[in-house]
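# Examining the three-dimensional arrangement
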Amino acid sequence: MTQPAYHRSDLTIDQQHALLTAARTLAGEFDGTFGTETIDRFLHTSYDQFAGRATVANYLPLIAERFARQRLHALARVEGKDHSGTPIVLFLCVHNAGRSQMALGFFTHLAAGRAIGWSGGSEPGEQINPSAIEAMRERGIDITSEYPKPWTHEIAQAADVIITMGCGDACPVFPGKRYEDWALDDPAGQSVEAVRPIRDEIERRVRALLAELGVPAGSGA
């Protein structure tokens, strides 16, 4: 592993070490699929996506590693290096803090590995909406490990279905993709009581989408 790329003036020694460790982990996971240069590039650009707005700098390398992993999986699908055939659905809203995160939570829970769900925002926020977290917790689904993130071209290109929720012209448009726009109220700034009906409508739509994809949905929480 080439190390000079990790000697950046904007990184602490601990962050440099954490990114280097992340790069080694990703290199092992994608051995035979992508080389060191591609992994390093995706890891560093993923780090830079969050560096300007992260509230807890110590978590940046971990978030960068998770996002880089998703992007690399997406690139593998785009470049024809992933032949699994597992359906991929991308949920998009403005801040990736409420609607798209609840949709992802239901999708991941109900699909149980039989389909892949990703989410993103045109203007990612700083944290997941607390009311959305609580509303999902009431259904037995924990979305606290998620974080607002942008969409990238390889992620959008890899998706079989793109679900948009209020991001308008800022959402990506790629020819040949299946698109659905879900008109849902924005839960930003709303109470848990106000978010519950939004949550329930999202679950209904996610279940319908899984049925259309031919993916058996697990039982509800």
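Numbering of residues starts from 1 in every chain and runs along the sequence as written. The predicted nature of this model means local features are confined to residues of pLDDT at least 70 and side-chain atom pairs, given and counted, to a pLDDT of 80 or more, with totals for whole chains, interfaces and linings taken over all residues. Only hydrogens and water are set aside; all other atoms, that is, all heavy atoms of the structure, feed into the side-chain values.

### Considerations on the overall build of the protein chain
Of the regular secondary structure elements, the protein chain holds seven helices and four strands. Only DSSP runs of H or I with at least four residues qualify as helices, and only runs of E with at least two residues qualify as strands; both kinds are numbered from the N terminus onward. Sequence-ordered secondary structure for the protein chain, helices as α and strands as β, is α-α-α-β-α-β-α-α-β-β-α. For the protein chain, whose C-alpha radius of gyration is 18 Å, the value lies close to the compact-globule estimate of 17 Å for 221 residues. Referenced to the eigenvectors of the C-alpha coordinate spread, the extents of the protein chain come out at roughly 50 × 35 × 35 Å. Sorting the 221 residues of the protein chain into buried and exposed places 48% on the buried side. Put simply, 71% of the contacts in the protein chain that link residues at least 6 apart link residues at least 24 apart. All accessible-area figures derive from a Shrake-Rupley calculation using a 1.4 Å probe, and residue coverage is judged against the displayed protein chains alone. Total accessible area on the protein chain stands at roughly 10300 Å², and carbon and sulfur atoms take up 50% of it. Seen as two clouds, the 21 positive and the 28 negative side-chain charges of the protein chain have centres 4 Å apart. Radius of gyration here is computed from C-alpha atoms only, and the compact-globule reference equals 2.2 Å multiplied by the residue count raised to the power 0.38. Using a 1.4 Å probe on the protein chains alone, a residue whose accessible area is under 20% of its type maximum counts as buried, one over 50% counts as exposed, and one in between counts as partly exposed. Note on definitions: a residue-residue contact is assigned when non-hydrogen atoms from the two residues lie within 4.5 Å. By the counting rule applied here, Lys and Arg register as positive and Asp and Glu as negative, while His and the ends of each chain are not counted. By convention, the point assigned to a charge is CZ for Arg, NZ for Lys, CD for Glu and CG for Asp.

### Some remarks on the sheet that holds strand E2 (residues 116-121)
Strand pairing is assigned whenever DSSP detects at least two bridges linking the two strands. Pairing in this open sheet of four strands is parallel, and the strands run E2-E1-E3-E4 from one edge to the other. Both edges of this open sheet fall to E2 and strand E4 (178-181), since each of them pairs with a single strand only. Each neighbouring strand pair of the sheet contributes to a mean axis angle of 20 degrees, computed without reference to strand direction. In terms of strand pairing, strand E3 (residues 161-165) meets E4 through four bridges, oriented parallel. Considered in E4, the bridge of Val 161 is made with Arg 178. Each of strand E1 (88-93), E3 and E4 touches helix H7 (residues 192-213); the most contacted strand, E4, lies at about 160 degrees to it. The axes are straight lines fitted to the C-alpha atoms, using for helices just the contacting stretch, and the angles between their N-to-C directions are given from 0 to 180°.

### A few points about the pairing of E2
For E2, the buried fraction is high: five of the six residues fall into the buried class. Pairing geometry for E1 and E2, over six bridges, is parallel. Opposite Phe 91, over in E2, you have Ser 119 as the bridge partner. Each parallel crossover has a hand, and for E1 linked through helix H4 (residues 99-111) to E2 it is right-handed. A clockwise path from the first strand over the helix to the second, with the strands pointing away from the viewer, defines a right-handed crossover.

### A word on the nonpolar core
What we call a nonpolar core is a set of buried Ala, Val, Leu, Ile, Met, Phe, Trp, Tyr and Cys residues that are connected through their side-chain atoms within 4.5 Å. Ranked by internal contacts, the top residues of the largest apolar core, which has 35 residues, are Leu 26, Phe 34, Leu 43, Leu 72, Leu 90 and Trp 118. Of all the secondary structure elements, the ones that give two or more residues to this core are helix H1 (13-29), helix H2 (36-51), helix H3 (60-78), E1 and helix H6 (153-158). It is H3 that provides the largest number of residues to this core, a total of nine residues. Not counting residues within four places of it along the chain, the set of residues in contact with Phe 34 comprises Ile 39, Leu 72, Leu 75, Ala 76, Glu 79 and Lys 81.

### Topic: unusual backbone geometry
Phi is positive for Asn 96, which is not a glycine, with a value near 50 degrees. Looking at the element boundaries, Asn 96 is found in the loop between E1 and H4. Unlike most non-glycine residues, Ala 112 shows phi in positive territory, near 50 degrees. As for its position among the elements, Ala 112 is in the loop between H4 and E2.

### Some remarks on the packing of H2 against H3
Contact geometry for H2 and H3: axes closest at 8 Å, N-to-C directions at 125 degrees. Of the possible angle classes, the one that applies to H2 and H3 is oblique. Crossing hand, H2 versus H3: right-handed. Along its contact with H2, which presents Thr 38, Ile 39, Phe 42, Leu 43, Thr 45, Ser 46, Tyr 47, Gln 49, Phe 50 and Ala 51, the element H3 presents Leu 60, Pro 61, Ile 63, Ala 64, Glu 65, Phe 67, Ala 68, Arg 71, Leu 72 and Leu 75. Residues are grouped as follows: nonpolar covers Ala, Val, Leu, Ile, Met, Phe, Trp, Tyr, Cys and Pro; charged covers Asp, Glu, Lys and Arg; every other residue, Gly included, is treated as polar. Residue classes in the contact of H2 with H3 are distributed as 14 nonpolar, four polar and two charged. Should an angle fall under 35 degrees it is taken as roughly parallel, and over 145 as roughly antiparallel, whereas 65 to 115 is taken as roughly perpendicular and any remaining angle as oblique. A clockwise turn of the near helix away from the far one marks a right-handed crossing, whereas an anticlockwise turn of less than a right angle marks a left-handed crossing.

### Structural notes on helix H5 (residues 130-137)
What H5 keeps buried is the set Ser 131, Ala 132, Ile 133, Ala 135 and Met 136. Buried residues belonging to H5 abut H4 and H7. We call two N or O atoms a polar contact when they sit within 3.5 Å, provided that within protein one can donate a hydrogen and the other can accept it, with sequence-adjacent residues counted only if both atoms are side-chain atoms. With a side-chain oxygen positioned 2.8 Å from the backbone nitrogen of Ser 131, the residue opening H5 is Asn 129.

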